[in-house]
Every structure is written in C-alpha cells, then in structure tokens.
Amino acid sequence: MIRLARRRRPTVIVVVITVAVATMITAGCWDRTELNEIALVLAMGLDATPEGKVAVTLSMPIPRLFPGGMDGGGGDPSRSVHVETVVAHDLSEAVRKYSTITRRHLRLIHLEAIVIGSELARQGLRRQLDFLTRFHEVRWTTLMAVTDGTAADALKIPPTIGTNQADYLAGLVRNAQAKGIGPATTLRDFVVAVGSPAIQPVLARVNVVPSRPGLGSAGGQTGAQAGGQTGGQAEGQTGAQAGGQAGGSQASGAGPKQHLSYEGTAVFVEDRMVGTLDQEETALLGLLMSYGGQRTASFTVPDPLAQGCCVSMAIARAGRRIQVVPRGVVPPLVRIEFRPEADVLEAESGVDYAKIGNLRILEQSIGALFAERIGALLQKLQKEYRADVIGIGQSAKSHFLTETQWRAFRWLDVFPDAEVSIKVKLAVRRVGLTWGTVQSKKGFR
Amino acid sequence: MIRDGMLGRPGVVAIMTTILTTWVFLPLISVLARSAKSAAWIAVPLGAATAAVGYSLVMTLLKRFPGRGLLEVTLEVGGPVFGRLLVLTYGFFFLAVAAGTARVFGDGVVTAIMPRTPLSIHLGTLAVVMLYSNFGGLEAMARVNWLLLPLFILSLIVLVGFNVNHFIPNGILPILGNGPIGIVRAGLTATGVFGEILALPILFPMVRRQATAARDGLTALVLSVAVGTSVVLASLLCFPDGELERRILPLFELGLLLHVGTFFSRVEVIFIFMWFFAAASKLAIALYLTNLSFCTAFKLPGYRPVIPIMLVLFYAAAFMPRNITEAVIVNTVFVRPLGAALVLGAPVVLLLAARVRGLGGKTP
C-alpha cells in the first residue's frame, strides 16, 4: 500500500513565485477584443449569383444610431444599420472578404435571422448549411426565412416600428408563430428536417411589399387572393379589408415606402425549395406540424347562418393525432384527427352564437370547412410538391423497431401515394365577453 | 490538509460520480449515436450494468483480502510479472483516459470558445491544476469534488431542463435504433466508459468505511447513469434523425440551443467553466490513480516524486493524436475497449487465479 508523504507547508519562495506569475498573467488579456472593434452581424442574406457564387448580405447595427445607444442619438431606421453585400465562393470567404474592408472583427454570435433569396433556395442550400452548422458562433435558434426577391433587398427594408432592422425581420417571423399566422423555422429545425427521413423542411416566406396608401399593401392583395381561392367572396373582402387597414397605417405617417410581410411558407424537398403555401394554408400547416409550428391560429370564414357575412374564430389550441398504417405493397393509410378548440372573435352578421343550436351549426360547418382545407393542403403537398412538411412520417416511425426497417419503408417516397383520411372535430368553447352583438334601436341591419 | 488520505462516504460518492459523469461533454455521445442511432440512450444503462457486474466481481475479490486495494491484490495474485503488468495496465488506462479527455476537451474549447488560444495553453492550464491537486492529495481532491459536483450536476440539469421546449417528439424512435447489435456495440463502448469505476477498488485502502464502499460506488454509478442517460436522451430529442451523429460536442450544442428570451442566451460560456472544473477534477484523479499504479508496480514508498514524471507523460500523450478525429478514434477504438476488458476480464482472471493458488481468505 502507498503511504502518503507528509505535506510540506508552502514556502515563501512558492508564494513569491505565484504572486509574480499571477501579476504577469492577470494584467490583461493578450488576445482581447474591445467592443468598438467588433461588428455584430444581426441578419444575413444569401442570394445566388449568375456565376454560381453566393452573394452574402450582412446587416450590422451602428450602435450610436440606435435609440438609447452610444451618444444617445439615432432613431432613423434607414441609417441605423450598415448593410453590405459580398460575393464569394462560400460564406467563410465572404466573411474574409468583408474583413478586408473593415477594421472590425465580424462576429456572428448575435445572428438573429438568415434570409435566403428564392433563386438560391431553389438551387439548394447544402453548401451554405455546411458553414452555418460548422461555425461555432452561429446559434441553432437563428431564424430562417425565404424571400421571393433577393435577400439583399429584404435586408435593406427599414422596420415599420423601431430601428433594429434584423430584429424587424426575426420579430416578424417570431411574431407570426406567436400570433398563429404560421411556423417559425430555426436553423436547427431546418437542418434536422433536411437530413430526416420523416419530414421535409419548411421556411417562412417574408417578402418585400409596397406600401400603397389607402388601397392597402400587396399583403391585402394576397389576403384577397387567398380568400378568393379558399373561402369564396366573403373571405376575399376580409383580406382586402385587412390590407386596407395595414395600408392606412402606413399612409398616416412618413413611413417607409416598402415593408416586409409574412406571406406564407416555402416548401422544401431536402435542401431545395419546390413551392410555396399561402397564408391560409400556412396557418393550417402550422397547426398540424409535428414541431416548429404554432399552437394557435385565427381564421375568418364564411358565416354559415348569414350569407355574405364572415365570422372570425381564434383557435386556442388544436389537438392532433396522426396515425400511419403501413399496408405492405399498398400505399400506407394516413389517419389525421384534428381537434381544434375555438373561440368566436367576431360575428359581423349579428347571429347569436351563444345559442347552443347556432353553436352546433357553426361547429359542424366550420369543421367541414377545415376538413376540406386540410384535404386540399395535403393534396397539394402530396401531388404537387411531394413533400411531407407536416411531419406525418414522425408518427410512422412508431411502427418500426429498427432504423433499418424504418429506412426501408422509404416514407418520403411513399408519402405522395398515401391514402389520407381526415376527421375534424371542432369545438367552439367561448364566445368572448358578449352574448350577442351590438343592436341599434331599429334592429340590426 | 491530508489526514492519512482517508476518504469519507461523501468523498467516495463525489469522486466516483465525477469520474463516471464527465464523459458527457466529450464526443462519446455522438460515438454512441453512431453505433446505436436512436437507441443510443439505452447503451448508457446497458454499459453501466455490464460494468457493475465487473465491479461486483472486483469487490468480491477484495473481500478475500480485507483492507487491501485492487493494486496490491493484483500484484499478489498475479505474481511479479503478470501482476505487475496488469497493475501497469491499470495505470496506462487511467493515463490514456486522462490524456484523451484532456485532448478532446482542449480541442473542443479551441473550436467552440477560444479559437485564438493555443491548445498547449489549455492543456498546460489543466496540467497545472492536476499537479497542484495531486500534491494536495486525495482528501483535498475529494473535498473539491464534493464542493463542485452539485454545481456540475445542476448545470447539466439546467441544460437538459431548459431545452425541453426544443425536444422533437419521436426523436428516440425507432426504439431499437440500429438494432440489437448496434446497441450492444454502443453498450460495450459505454462499459469502457463506466470501466473507470475500477478507481474505487484501487482507492479502497484509503476509504474510511470500507463496509459501505461497494454500495457508495454503486450509488455513484446510478447517479452517473441517470445524468448520462438524461443528457443522451436530451441530445437525441434535440438532434434526431441522424443529426446527433454529426455533432462533435453535443453537450455544447445543447448549450448553443439554449435561448430563454433575449437576456438569457449565449449562456454556453457559463457551462464551459463548469465543465472545465469537472474535467480538471477528473484528470487530477486519473493522474493520481496512474501514480498509484506506477508506484505499486515498482513498490515505491511514496507517489509524490512520480507526479511530475507522470504529468510530462500525460502532456506528451495528449499531444500524440494529430487531430481531434484521431483523438476520438484512439479513445473509442483502443482506450474504451481496454476499459471494458479491464473491468470485465481482470476480476475474472484474478478471482480464478486466487482460487487456484489458494490466496486470500475463503470465498464469501
């Protein structure tokens, strides 16, 4: 057995040496980087170039121009960020190239959003994902979005409120998820979905739209188009009204001439964008997604008891149960059970939806409408895009014991031919703070 | 102040838990995921259970030699040649574990946090801590571990707990992952990891309450399995469908994922500090065990003169792999299987030899 030697007391020499060494190594950091030597990239845009390179647009805040920032100045949204585009073979070369024209160290530690131009998205993002998943400064929670035009243009749009351009973009996507408009995909969600045999990726679609005072923005047009496609004339009116309101708010001040708008989602097969979904489809998609979607949504749909009128409903929570039944050589059967719980937000017709009878009619009618819309969405995903962005495959996994069996099932290949059965059971839980609508003395017209 | 270098029960649990838990911040998680895929989490308790079998055999062996540790028993039962070789192999194993852990940890810090600081500085810092701890002695190390372990465990709980909202449902399906063979292969790697439980039989003579030592070791093992399984499960649920296999430092990546509002983000640097202290503690104990093995093999009366020599060996061994890939391969292909062989094979051979040669007391 080892006998432990008696410990000696530290001598004066040891103490002196320790203090001397400590004095040398604690006097300063030899590879320090001062705050004023850093350029923080808050948003990054990626676009394809004709010569096969990538145009990287970097949006960096100018701290002294931020309200409450250094020098206490600022406030002009168009000048509070510095936007620079660099064309390079890859992202690291872009960062290096930019470093040749600035004295600051480019840091991606606070990168909030990555916007991808639609052309690059259609070509595929594999090359760019390599840097984003390899470089330690990029965090997994960075939000990703696609824009129909170029990412460079999207990053030059000043925010409607506030001065932080990157926060505008990321906030738009994050807010869309929080408000039930559509999913917000992070870098982690996207990377996992690109490599997954169970789900395909989806990204928010954020477009530059003109602000047209009085008439509503392009968002209004989109709303009208979407309404026309999915819900008929009444919804089209609603979309236009919403657009008009948005346009009005722009017109009231000396706001920007263009703004960004969450227009729906872009559907990917692996790393390539193959199509888009509009706002109505996106809201439904988000409720059905296995992850990355949203828990709530609101819809304006035709009133079943008043022709030409609309009723707005908020889905407070939506239960979903997806079952995949493998059937050997026959394409699998997908059973979707969707159980949304809704509140009445607005009934412009004046119909009293607090009455049990009316409520039942509303539940059945809207439930049928949802079933129809989910069917249409799945038809589009299966036949047109051949992409399971909902993540139905995640449910199919439970039928297999091993990875080999699961991969042999080739879910993403069989998904387009899968037979789908949809069951919607809508429950209207609450009707707001009133039993009925406001009545005039002569009755409601 | 060391008092005969005796370890109390908290000291035993703290030291053993630190030794058996610190693998979670190494690329071993992705190694397990590569072998077992979505069933990587099963490999952790499986490996621990196998290691526990070897551990109970060792403790059975030690019961035949009351008051003596694994090193002395090995030397007596194995004889001057085989016994000495086996004792040196224990020492080599812990030296390799220390060098491999330090190298991968150092490379991880360079990659993820301090890219401009040379690896030699990181390893040098660890070496200084190891040197100081070893001169401080076992009891000092136990006290430091007892102090730091709760913080280390807490940091892991926070890391797993705050990432619950990032979990992807069905991330651990298909439940058997790469199939039974894959799970067993990953389990063997895990057995090598938990093979470090041999530290307790080696430290056995310095345990104050030897009657409860076996149980304390198992307590540490269970605690480590709980922590390890949670971390692997969280990693699988955050990076499912094969993504975990591609992550070099999954625990750090869990830190990168942590984002609880604007004011609670980029917190991975806090965890790095915790991991540094845990790594330093583990390395110090590993060096201590190497020293003990070397001194016992050559019947040296004290271990302190050997510390600088072993430290130089440790430092040199840490730099032997040319890159992080080589370091991980050496650790996975050579060191961990050696650990599994030591924890499973050595006690069986020694028990048989003791019985054949009629050494020690009666078999309990």
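Residues numbered from 1 in each chain as written. Chains lettered and ligands numbered in written order. Predicted model: local features only at pLDDT ≥ 70, side-chain atom pairs only at ≥ 80, totals over all residues. Heavy atoms only, no water.

Trainee: Any details on the overall build of chain A? Residues and values, ideally.
Mentor: A count of helices and strands for chain A gives 14 helices and 16 strands. Here chain A holds 445 residues, and 50% of them are scored as buried. Residue pairs at least 24 apart in sequence account for 72% of intrachain contacts in chain A once pairs closer than 6 positions are excluded. Of the roughly 21,700 Å² of accessible surface on chain A, 53% is carried by carbon and sulfur atoms. (Helix = DSSP H or I, 4+ residues; strand = E, 2+ residues; numbered from the N terminus. Buried < 20%, exposed > 50% of the residue type's maximum accessible area, 1.4 Å probe, protein only. Contact = heavy atoms within 4.5 Å. Areas by Shrake-Rupley, 256 points an atom, 1.4 Å probe, with all protein chains shown as cover.)

Trainee: Give a description of the overall build of chain B that names residues and reports values.
Mentor: Scanning chain B from terminus to terminus reveals 14 helices and zero strands. Whereas a compact globule of 364 residues would reach a radius of gyration of roughly 21 Å, chain B reaches 20 Å, a difference of no more than 12%. With the C-alpha coordinates aligned to their principal axes, the bounding extent of chain B is approximately 65 × 45 × 35 Å. Here chain B holds 364 residues, and the buried ones make up 61% of them. Sequence-distant contacts in chain B: of pairs separated by 6 or more residues, those separated by 24 or more amount to 83%. Surface summary for chain B: the accessible area is close to 13,600 Å², and the carbon and sulfur share equals 74%. Of the charged side chains in chain B, 26 are positive and 13 negative, and the gap between their average positions amounts to 9 Å. (Rg over C-alpha atoms; globule rule 2.2 N^0.38 Å. Lys, Arg positive; Asp, Glu negative; His and termini not counted. Charge placed at Lys NZ, Arg CZ, Asp CG, Glu CD.)

Trainee: Explain the interface of chain B and chain A to me, using residue names and the numbers behind them.
Mentor: Each partner contributes residues to the interface: chain B has 51 residues there, and chain A has 37 residues. In this assembly, chain B packs against chain A so that about 3,700 Å² is buried in total across both faces, 58% of it on carbon and sulfur atoms. The interface formed by chain B and chain A contains one salt bridge. The closest approach of N and O atoms between lysine 397 of chain A and aspartate 241 of chain B, which form a salt bridge, is 2.7 Å. The interface formed by chain B and chain A includes eleven residue pairs in polar contact (both at pLDDT 80 or more). Elements represented by at least two residues in the side of chain B that touches chain A include exactly α4 (70-112), α5 (119-136), α9 (213-238), α11 (250-257) and α12 (268-297) of chain B. (Buried area = accessible area lost by both parts, 1.4 Å probe. Salt bridge = Lys/Arg side-chain N within 4 Å of Asp/Glu carboxyl O. Polar contact = N/O pair within 3.5 Å; in protein donor to acceptor, adjacent residues only side chain to side chain.)

Trainee: Which residues make up the nonpolar core, and what are the values?
Mentor: Among the nonpolar cores identified, the biggest contains 173 residues, and Trp23, Tyr90, Phe194, Trp275 and Phe314 of chain B are the most heavily contacted of them. The element contributing the most residues to this core is α4 of chain B, with 21 residues. Residues in contact with phenylalanine 314 of chain B, not counting those within four places in the same chain, are Leu95, Ala98, Ala99, Ala102, Ala127, Met130, Leu283 and Leu287 of chain B. Core analysis: the next-biggest nonpolar cluster, separate from the first, contains 52 residues, Met289, Val389, Phe400 and Phe415 of chain A among them. (Core = buried A, V, L, I, M, F, W, Y, C linked by side-chain atoms within 4.5 Å.)

Trainee: An account of the packing of aromatic side chains is needed here, citing residue identities and associated values.
Mentor: Considering all chains together, one arrives at 21 aromatic pairs over all chains under this definition. Seen from their ring centres, phenylalanine 299 of chain A and phenylalanine 370 of chain A are 5.0 Å apart, and the 80 degrees between their planes marks the pair as edge-to-face. Separated by 71 residues along the polypeptide, phenylalanine 299 of chain A in strand β12 (residues 297-302) and phenylalanine 370 of chain A in helix α11 (residues 356-385) bring together distant segments of the chain. Each member of the pair, phenylalanine 299 of chain A as well as phenylalanine 370 of chain A, carries the same accessibility label: buried. Seen from their ring centres, phenylalanine 400 of chain A and tryptophan 406 of chain A are 5.8 Å apart, and the 45 degrees between their planes marks the pair as tilted. On the basis of relative accessibility, which here comes to 13%, the residue phenylalanine 400 of chain A falls in the buried class. Look at tryptophan 406 of chain A and you get buried, because its relative accessible area is 2%. One aromatic cluster is present, formed by Phe25, Phe105, Phe152, Phe271, Trp275, Phe276 and Phe277 of chain B through successive ring pairs. (Phe/Tyr/Trp six-rings, centres within 6.5 Å; stacked < 30°, edge-to-face > 60°.)

Trainee: Describe a nonpolar patch on the surface, listing the residues and the values that go with them.
Mentor: Together, Ile13, Ile17, Val21, Met24 and Ile25 of chain A make up an exposed nonpolar region whose accessible area comes to about 540 Å². When you line up the elements, isoleucine 17 of chain A lands in helix α1 (residues 12-25). (Patch = residues over 30% accessible without salt bridge, like charges linked within 9 Å, V, L, I, M, F, W, Y side chains within 5 Å.)

Trainee: Talk me through the packing of helix α10 (residues 279-288) of chain A against α11 of chain A; I want residue IDs and the actual numbers.
Mentor: All names here are of chain A. Where α10 contacts α11, the axes come no closer than 10 Å and their chain directions differ by 90 degrees. By the criterion of interaxial angle, the relationship of α10 to α11 is roughly perpendicular. Contact with α10, carried on its side by Glu280, Glu281, Leu284, Leu285 and Leu288, involves Phe370, Arg373, Ile374, Leu377 and Lys380 of α11 and no other residues of that element. In terms of residue class, the contact of α10 with α11 is built from six nonpolar, no polar and four charged. (Axes fitted to C-alpha atoms, helices over the stretch in contact; angles between N-to-C directions. Parallel < 35°, antiparallel > 145°, perpendicular 65-115°, else oblique. Nonpolar A, V, L, I, M, F, W, Y, C, P; charged D, E, K, R; others polar.)

Trainee: An account of unusual backbone geometry is requested, with residue identities and associated values reported.
Mentor: Cis peptide bonds are those with omega within 30 degrees of zero, and the linkage from leucine 173 of chain B to proline 174 of chain B qualifies with -5 degrees. As for its placement among the helices and strands, proline 174 of chain B is situated in the loop between α6 (138-161) and α7 (179-194). The backbone of arginine 386 of chain A shows a phi angle near 50 degrees, a positive value even though the residue is not glycine. Structurally, arginine 386 of chain A can be placed in the loop between α11 and α12 (392-396). The phi dihedral of asparagine 170 of chain B is positive, around 65 degrees, even though this residue is not glycine. Secondary-structure assignment places asparagine 170 of chain B in the loop between α6 and α7.

Trainee: So, the environment of valine 191 of chain A: which residues are in play, and what are the values?
Mentor: In this fold, valine 191 of chain A is placed in helix α7 (residues 187-195). Taking the C-alpha atoms as reference points, valine 191 of chain A and aspartate 130 of chain A, separated by 61 residues in sequence, lie 9.8 Å from one another. When neighbours within four sequence positions are excluded, valine 191 of chain A is seen to be in contact with Leu129, Thr133 and Trp140 of chain A together with Glu243 of chain B.

Trainee: So what's going on with the pattern of salt bridges? Which residues, and what values?
Mentor: All names here are of chain B. Within the structure shown, the criterion is met by 27 salt bridges over all chains. Between arginine 247 and glutamate 253 there is a salt bridge, with the nearest N and O atoms lying 2.8 Å from each other. Among the ionic contacts, a cluster of salt bridges with common partners joins Glu243, Arg246, Arg247 and Glu253.

Trainee: Kindly report on the environment of leucine 412 of chain A, identifying the contributing residues and their values.
Mentor: Residues and elements named next belong to chain A. Relative to the helices and strands, leucine 412 resides in helix α14 (residues 411-414). Residues leucine 412 and isoleucine 199, 213 residues apart in the sequence, show an inter-C-alpha distance of 7.6 Å. Once residues within four sequence positions are removed from consideration, leucine 412 is found in contact with Ser196, Pro197, Ala198, Ile199, Gln200 and Asp388.

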